[in-house]
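# Coordinate inspection notes
Chain residues, written in single-letter form:
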Amino acid sequence: MGTDVDAFLSRLAQELRPRAAQSVDVLLEGMRSELPELWKYEDVAALALEETTAHVNVFLDMFEHGLDVNEVEAPPEALELSRRFAQSGIPLSKLLRTYRLGHMSLLQLMQAEAPRLTSDWELISAASIKLIAVAFEYVDRGSEEVVAAYQEERDRRLQRKLILINEASKRIGTTLDTARTAQELADVGTGEFADLITVDLLDSVLREEGTPPPADAPTLRRIAQHSVLSGCPDSAVATGARHTYPAGSEPAHALATGQPLLCRVTASGAPAWLAASPDRRDFLRTLGLHSILLLPLQARGNTLGLAQFFRHRTATPFDEDDLLLAQEIAARAAVYIDNARRYTHERATALTLQRSLLPQRAVEQSAVVTAARYLPSGSRAGVGGDWYDVIPLSGARVALVVGDVVGRGLHAAATMGRLRTAVRAFADIDLMPDELLTHLDDVVIRLQREEARDAGETSATCLYAIYDPVSRLCSLASAGHVLPAIATPPAAHGDAPASRSVDFPEMPIGPPLGLGGLPFETTQFELSEGSLLALFTDGLIESRTGDVDVARAVLRDVLARAPMPPEEICDQLLAALLPSRPADDVALLVARTRALDPGHVATLPLPSDPAAVAGARSFTSDTLTTWGLEELAFATELMVSELVTNSIRYGKSPIHLRLILQDTLTCEVFDSSSTAPHLRRARTFDEGGRGLLLVAQLAERWGTRHSREGKVIWAEQVLPDNIR
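The present account deals with the structure reproduced in this document. (Residues numbered from 1 in each chain as written. Predicted model: local features only at pLDDT ≥ 70, side-chain atom pairs only at ≥ 80, totals over all residues. Heavy atoms only, no water.)

## Considering the overall build of the protein chain
Stated formally: Comment: elements are numbered from the N terminus, with helices defined as DSSP H or I runs of at least four residues and strands as E runs of at least two. Between the two quantities, the radius of gyration covers C-alpha atoms and the globule rule is 2.2 Å times the number of residues to the power 0.38. To sort residues, take the accessible area from a 1.4 Å probe on protein chains only and compare it with the maximum for the residue type: under 20% means buried, over 50% means exposed, and anything in between is partly exposed. Here, Shrake-Rupley sampling with a 1.4 Å probe gives the accessible areas, and only protein chains in the shown set may cover a residue. The positive count covers Lys and Arg only, the negative count covers Asp and Glu only, and His and the chain ends enter neither. A single reference atom marks each charge: NZ on Lys, CZ on Arg, CG on Asp, CD on Glu.
Helix and strand content of the protein chain: 18 helices and 23 strands. For 724 residues, the compact-globule formula gives about 27 Å, and the C-alpha radius of gyration of the protein chain, at 45 Å, lies well above that figure. Put simply, the protein chain has 724 residues, and 51% of those count as buried. Carbon together with sulfur atoms contributes 52% to the accessible area of the protein chain, which is approximately 34000 Å² in total. For the protein chain, the distance from the average site of its 70 positive side-chain charges to the average site of its 97 negative ones is 4 Å.

## Brief notes about helix α4 (residues 76-87)
Convention followed: Between the first and last residue of a helix there are one fewer steps than residues, each counted as 1.5 Å, and that sum is the expected span.
Taking 1.5 Å per residue as the helical rise, α4 with its 12 residues ought to reach 16 Å, and the 16 Å between its terminal C-alpha atoms agrees with that figure. Within the sequence span of α4, burial applies to Ala78, Leu79, Leu81, Ser82, Phe85, Ala86 and Gln87. Just beyond α4, the residue with positive phi is Gly89, at close to 75 degrees.

## What about the pattern of salt bridges?
Counted only if it meets this: Counted as salt bridges are all cases of a side-chain nitrogen of Lys or Arg within 4 Å of a carboxyl oxygen of Asp or Glu.
Within the structure shown, the criterion is met by 25 salt bridges. Ionic pairing is found between Glu567 and Arg373, a salt bridge with its closest N-O pair at 2.8 Å. With Glu567 in helix α15 (residues 566-577) and Arg373 in strand β7 (residues 368-375), this pair connects stretches of sequence that are 194 residues apart. Relative accessible area serves as the criterion here: at 40%, Glu567 is assigned to the partly exposed category.

## Quick notes on helix α7 (residues 178-189)
Note the cut-off: Polar contact is defined as a pair of N or O atoms within 3.5 Å, subject to the rule that within protein one atom must be able to donate a hydrogen and the other to accept it, and that residues adjacent in sequence are counted only when both atoms are side-chain atoms.
Here α7 contains 12 residues, and its C-alpha end-to-end distance of 18 Å stays within 8% of the 16 Å for a straight helix at 1.5 Å per residue. Within the sequence span of α7, burial applies to Thr178, Thr181, Ala182, Glu184, Leu185, Ala186, Val188 and Gly189. Its side-chain oxygen placed 3.3 Å from the backbone nitrogen of Ala179, Asp177 serves as the N-cap of α7. One or two steps after α7, the chain reaches Gly191, where phi turns positive at roughly 110 degrees.

## Some points on the nonpolar core
The criterion, for reference: Throughout, nonpolar core names a set of buried Ala, Val, Leu, Ile, Met, Phe, Trp, Tyr and Cys residues whose side chains join them through atoms within 4.5 Å. What makes two residues a contact is simply this: any of their non-hydrogen atoms within 4.5 Å.
Core analysis: the biggest nonpolar cluster contains 54 residues, and Trp387, Leu400, Leu419, Leu437, Leu440 and Tyr464 have the highest contact counts within it. Apart from the residues within four sequence positions on either side, Leu400 is in contact with Val368, Thr370, Asp389, Val390, Leu463, Tyr464, Ala465, Leu533, Leu535, Leu589 and Ala591. Listed in part, the 50 residues of the second largest apolar core include Ala182, Val205, Phe310 and Ala326.

## Quick look at the packing of helix α11 (residues 320-357) against helix α12 (residues 410-428)
Formally: In this analysis an axis means a line fitted to C-alpha atoms, helices contributing only their contacting stretch, and an angle means the value between N-to-C directions, from 0 to 180 degrees. We call two directions roughly parallel when the angle between them is under 35 degrees, roughly antiparallel when it is over 145, roughly perpendicular when it lies between 65 and 115, and oblique otherwise. For this classification, Asp, Glu, Lys and Arg are treated as charged, while Ala, Val, Leu, Ile, Met, Phe, Trp, Tyr, Cys and Pro are nonpolar and the rest, including Gly, are polar.
Where α11 contacts α12, the axes come no closer than 9 Å and their chain directions differ by 10 degrees. By the angle between their directions, the pair α11 and α12 is classed as roughly parallel. Side by side, α11 and α12 meet where Glu346, Thr349, Ala350, Leu353, Gln354 and Leu357 of the first sit next to Leu410, Ala413, Ala414, Met416, Gly417 and Arg420 of the second. Its residues assigned to classes, the contact of α11 with α12 comprises 7 nonpolar, 3 polar and 2 charged.

## Thoughts on a nonpolar patch on the surface
Rule in force here: Here the term patch refers to residues with relative accessible area over 30% and no salt bridge, with like charges joined within 9 Å and nonpolar side chains (Val, Leu, Ile, Met, Phe, Trp, Tyr) within 5 Å.
Taken together, the side chains of Met104, Ile132 and Phe136 make up a nonpolar region of the molecular surface, amounting to roughly 250 Å² of accessible area. Given a relative accessible area of 36%, Met104 falls into the partly exposed group.

## Overview of the sheet that holds strand β8 (residues 385-392)
Rules: Paired strands, as defined in this entry, are two strands with at least two bridges between them according to DSSP.
The strand order β8-β9-β10-β11-β16 describes an open sheet built from 5 strands, whose pairing is antiparallel. Each of the sheet's edge strands pairs with one partner strand only, and the pair in question is β8 and β16 (523-526). Direction aside, neighbouring strands of the sheet carry axes that sit 15 degrees apart on average. Bridge count for strand β9 (residues 398-405) against strand β10 (residues 460-468) is 8 bridges, and the pairing is antiparallel. From the neighbouring strand, Val405 faces β10, where its bridge partner is Ala460. Across the sheet, helix α13 (residues 433-450) is in contact with β10 and β11 (473-479); its angle to β11 comes to roughly 25 degrees.

## Remarks on the environment of Asp187
Topologically, Asp187 is positioned in helix α7. Taking the C-alpha atoms as reference points, Asp187 and Ala168, separated by 19 residues in sequence, lie 9.4 Å from one another. Once you skip the residues sitting within four places of it in the chain, Asp187 turns out to touch Arg171 and His226.

## Things to note about the pairing of β9
Among the 8 residues in β9, 8 count as buried, and that is most of the element. Here β9 shows two buried faces, one formed by Val398, Leu400, Val402 and Asp404 and the other by Ala399, Val401, Gly403 and Val405. Taken together, the 8 bridges between β8 and β9 define a ladder with antiparallel strand orientation. Bridge pairing in β9 places Asp389 opposite Val401.

## Some details on the packing of aromatic side chains
Put simply, the rule reads: Here a Phe, Tyr or Trp ring, Trp counted by its six-membered ring, pairs with any other such ring whose centre lies within 6.5 Å, and the pair is stacked when the planes are under 30 degrees apart, edge-to-face when over 60, and tilted otherwise. Only Lys NZ and Arg CZ are tested; either one counts as a charge over a ring when it is within 6 Å of the ring centre and within 35 degrees of the ring normal.
By the definition in use, this model includes 3 aromatic pairs. Consider the rings of Phe193 and Phe309, whose centres lie 5.8 Å apart with planes at 80 degrees: the pair is edge-to-face. In this pair, Phe193 is assigned in the loop between α7 and β1 (196-202) and Phe309 in strand β6 (residues 302-311), connecting sequence segments 116 residues apart. Summarising the aromatic geometry, the rings of Tyr245 and Trp273 are spaced 5.9 Å apart at their centres and angled 80 degrees between planes, so their arrangement reads as edge-to-face. In this pair, Tyr245 sits in the loop between β3 (242-243) and α9 (250-257) while Trp273 sits in the loop between β4 (261-264) and α10 (278-287), placing the two residues 28 residues apart along the sequence. Trp273 matches Tyr245 in its accessibility class, with the two residues each being buried. Every member of this aromatic cluster is reached through a ring pair, and the members are Phe193, Phe309 and Phe318. Lying across the ring of Phe193, Arg311 places its NZ or CZ 5.3 Å from the centre. The ring of Phe504 carries the charged tip of Arg552 above its face, separated from the ring centre by 3.9 Å.

## Notes on the sheet that holds strand β17 (residues 532-536)
Read across the open sheet, the 5 strands follow the order β7-β18-β17-β12-β15; overall the sheet is antiparallel. The strands lining the two open edges of the sheet, one partner per strand, are β7 and β15 (502-503). In this sheet, strand β18 (residues 586-593) lies alongside β7 in antiparallel orientation, the contact comprising 8 bridges. Each bridged residue has a counterpart across the sheet, and for Val369 the counterpart in β18 is Arg592. Of the strands in this sheet, β7, β17 and β18 are in contact with α15, which crosses β7 at around 30 degrees.

## A short note on the environment of Asp549
Counting through the fold element by element, Asp549 comes out in helix α14 (residues 548-560). Sequence separation between Asp549 and Ser366 is 183 residues; the distance between their C-alpha atoms is 34 Å.

## A short note on the side chain of Glu668
Checked against the element boundaries, Glu668 lands in strand β21 (residues 664-671). Reaching out from Glu668, the side chain makes a polar contact with the side chain of Arg658 at a distance of 2.7 Å. Side-chain polar atoms of Glu668 contact the side chain of Arg705, separated by 2.9 Å. Contacts of Glu668, omitting those with residues within four sequence positions, involve Gly395, His656, Leu657, Arg658, Ile660, Arg705, Val712, Ile713 and Trp714.

## Quick notes on the packing of helix α6 (residues 121-171) against α11
Heads up, the rule is: For any helix crossing, the convention is left-handed if the near helix is rotated counterclockwise from the far helix by under a right angle, and right-handed if that rotation is clockwise.
Closest axis-to-axis distance for the α6/α11 pair is 10 Å, and the angle between their directions is 15 degrees. Between α6 and α11, the angle is such that the two are roughly parallel. Pair α6 / α11 crosses with right-handed handedness. Facing Arg157, Lys161, Leu164, Ile165, Ala168 and Ser169 of α6, the residues of α11 in contact are Asp321, Asp322, Leu325, Glu328, Ile329 and Arg332. Among the residues making up the contact of α6 with α11, the classes are represented as 5 nonpolar, 1 polar and 6 charged.

Take a look at the structure:
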């Protein structure tokens, strides 16, 4: 009976062989009616015909030639179809159901054909039993191979996704530059995942106008794009160009709702928003564009722009799994882009604030020739609180200041502005360097008390120097700040080239500002005319990779061979000591000293006798005549008379009168008393109290400065136009 059954099944297979193609059509029609959703995947539908034909031939071969089912393997077309199912993200259950439906339909066709070949129902029954047994065995073995191929492809696909996510986490967000971060997004996904990626940001976001909800047709700027084709011919918008999407289009909808979209491009042509002209539509059709992912870039509740992923060379279209993967990558990139945008905005704000708080132009003074530079750091830490200042003082003197606030960002820049204002206020009352730093230390301590606890510790360093062109004396004090470099004028020896001697003064460095309770010390030394003073912050000579001693040697070398103007010295120092992107802010102030012509200074010792006032007036008149300032004689004699009288009546010997001719005419009266005069308004019948009021009216500026030896009352007058 077994032989008869095998022979009957072989004959049955032979009878069905000529109608195999018809049988395939019947099987496909049955599967299409049972699982219509599978036919929306074009690549799966195209391969289904080949796979079904291969199964029918293998099935008929087993019965026609009596093959052992245990030795028959699933056809390659079946394994390829299972891989396509995995690539398209179709669930495994759908694949197995398709497999069972196809073989069940084929089994039914063979059973229906059996009664046409014999009327022996016992043979038919036995053949049906064996047919079912063999068919189920074939389906079981084939299912194992198909499932293994599906899982292998799915694992490979998951591995590719994990690799892509890992690459994205490594390569996106390496800098705080908005354009570069967007380009990193475009670069990381092109090739393995997409054939073209474009990144558009809202123009309002780039202009820092806030991030309001996008309008119906917002203006965007193509900030980055990358394609598998050289030159991005598959993109209609050039990098950097502004453009809009029509209201109601898919990109406009994605921007407005914040929801990602998967768009399929049919053979009939690309959508109007993608192909603005017939030529562009024909080009995209020729290119083979078939699917697009539209991904709004959102971070912290704001929509920043739109990323688009295109496929045209890759045969497999995007699916829902691809959309989820692209969403994850785009979400990460959006956060990085927003971080870069916020950093850029804060850095620009802090830098603008910092530069606005620094001197905007050189002040008019003749004690020194100065040049200064401020360079913000190139690191992510942000703008610091470095500053410099040049402050004209009484008596033709000038104050040179360099400071550094600890910290970065807007807080450091604002603190710098407050300290610079405080230094100018203290300088205006002519404090000695150590006294000024003591008062500035108190200011920093008060700022610490006023700051919120989470604002961090407020601290700063400062170097304050006063140069007097009359005595050529430099008074200097440091609050935790690096000491300046001092270069003496070059001394020529025969035919040898002149060179400067460069030194760093040996002097005590006080504690940084904000500690309190510790003293500061003033060091004084004489400078030759033409000496160079280089004041700077630590960012000029300190770095993470460089050696401080090497940097100081380079600085010494530049100053030693620097006969050029201070402006050029600044440029040479920065070029020699700093990389293209310094890790810390740098403030640099270079000053070349001048000495006042002795003929422009006149000094008269005075006895503590009211009769000496007449001699002071006569001395003043003679001096102004020598200087050609006769028209200032009357007002100057009047001021000298009042100031000398004040010192004789309320001060102590010795008393000196000094006249200084520089940019202004300065009258100074020195006495050894520390008592300072005060301006007051005299009543009608008061006999005194009008002297300082008279001086204040006649002088452009007046004031008092104290020293360890006593005090100086001074008054300045503007020179006539023909003398300046």
